[in-house]
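One-letter residues, chain by chain:
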Amino acid sequence: MAEKKTILYVQTSDDPERQYSPLVLAQTAKAMDIDAQVYFLGQGLRTLQPEAAGKIKLGAFPSILEMINKTVEMGIPIYVCEASKQMLGWEKAELLPGLKIVGAGTLNDLVLEADGTMWF
Amino acid sequence: MPEAVKPKKQLDCVGLYCPEPLFQTREQIDSIEVGDVLEVLADDPAAEEDLKRFAKRTGNELLEFENKDGSLRFLIKKMK
């Protein structure tokens, strides 16, 4: 069996059309026995508020809320940048459950640990 | 019973957000001698993962970590 690899997907945008790719890719990676991790940074955080996530639904895909819940259920860690929360002035913003708040040092480290990264 | 570790310095990062706890931990680690222990207190949830990774990445040793209702405490031993 091949050595297990890790891919890190980084979402930096709140553009609805950019939201699906990292989640679909992460879920696909997991199905192929590749470890997947998703990191939300900067404006990407706007999607993680329950109301915003529920409103994004494009084409035949489920809503982003359903996509994120499914990603978490599959055991794929979703990290959220603390400094971005501060940048957006969200000291007490409600984010979707199951997400992990982490810092800038963690993103650097995850990039170095991963076998590949994709930025959206 | 093992003897309790005595920190050489204590760093209070309570109320500070990323990346401050990491920056200040780095500054304090640089200010102590190899073998000394730094105690860091923080309440930024991001500090948990960040400081654990900081210790590992920089070759220092995380001797202890505790999270009591969101109050984080780290003991980091300077190894090099």
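Look a little higher up for the structure.
Just so it is clear, the model here is predicted, and its values are computed rather than measured.

Chemist: Hey, could you run me through the overall build of chain A in this one?
Modeler: A count of helices and strands for chain A gives 5 helices and 5 strands. Seen through its principal axes, chain A has C-alpha atoms that stretch 45 × 35 × 20 Å. Expressed as a percentage of the 120 residues in chain A, the buried residues total 32%.

Chemist: Can you help me understand the nonpolar core in this one?
Modeler: Soluble globular proteins tend to pack their nonpolar side chains together in the buried interior. Counting residues in hydrophobic clusters, the biggest one holds 43 residues, and the most contacted among them are Tyr 39 and Phe 40 of chain A together with Val 40 of chain B. When residues in this core are grouped by element, the largest group, 5 residues, is from helix α2 (residues 45-57) of chain B. Excluding residues that lie within four positions of it along the chain, Tyr 39 of chain A makes contacts with Leu 8, Val 10, Tyr 79, Leu 107 and Leu 110 of chain A.

Chemist: So what exactly am I meant to see when it comes to the environment of Asp 109 of chain A here?
Modeler: Residue placement: Asp 109 of chain A occurs in helix α5 (residues 104-113). Remark: the alpha-carbon pair of Asp 109 of chain A and Gly 89 of chain A, spanning 20 residues in sequence, is separated by 25 Å. The contacts of Asp 109 of chain A, once residues within four sequence positions are left out, are Arg 53 and Arg 57 of chain B.

Chemist: Mind showing me how you'd approach the interface of chain B and chain A here?
Modeler: As a measure of interface size, the accessible area lost when the parts come together is often cited. Residue-level contacts link 13 residues of chain B with 10 residues of chain A. Element by element, the count of residues in the side of chain B that touches chain A is highest for α2 of chain B, at 8 residues. Of the residues assigned to the side of chain B that touches chain A, the class counts are 8 nonpolar, no polar and 5 charged.

Chemist: Teacher, can you tell me more about the sheet that holds strand β4 (residues 100-102) of chain A here?
Modeler: Hydrogen bonding along the main chain pairs the strands of a sheet, whether they run parallel or antiparallel. All names here are of chain A. In spatial order, the strands read β4-β3-β2-β1-β5; together these 5 strands make up an open sheet with parallel pairing. Where the open sheet ends on each side, the last strands, each with one partner, are β4 and β5 (116-119). Geometrically, the sheet is characterised by an average inter-axis angle of 25° between neighbouring strands, direction not taken into account. Bridge count between strand β3 (residues 78-81) and β4: 3 bridges; the pairing is parallel.

How each quantity is defined
- Residues numbered from 1 in each chain as written.
- Chains lettered and ligands numbered in written order.
- Predicted model: local features only at pLDDT ≥ 70, side-chain atom pairs only at ≥ 80, totals over all residues.
- Helix = DSSP H or I, 4+ residues; strand = E, 2+ residues; numbered from the N terminus.
- Buried ≥ 20, exposed ≤ 12 C-beta atoms within 10 Å, placed from the backbone.
- Core = buried A, V, L, I, M, F, W, Y, C linked by C-beta atoms within 7 Å.
- Contact = placed C-beta atoms within 7 Å.
- Nonpolar A, V, L, I, M, F, W, Y, C, P; charged D, E, K, R; others polar.
- Pairing = 2+ DSSP bridges.
- Axes fitted to C-alpha atoms, helices over the stretch in contact; angles between N-to-C directions.

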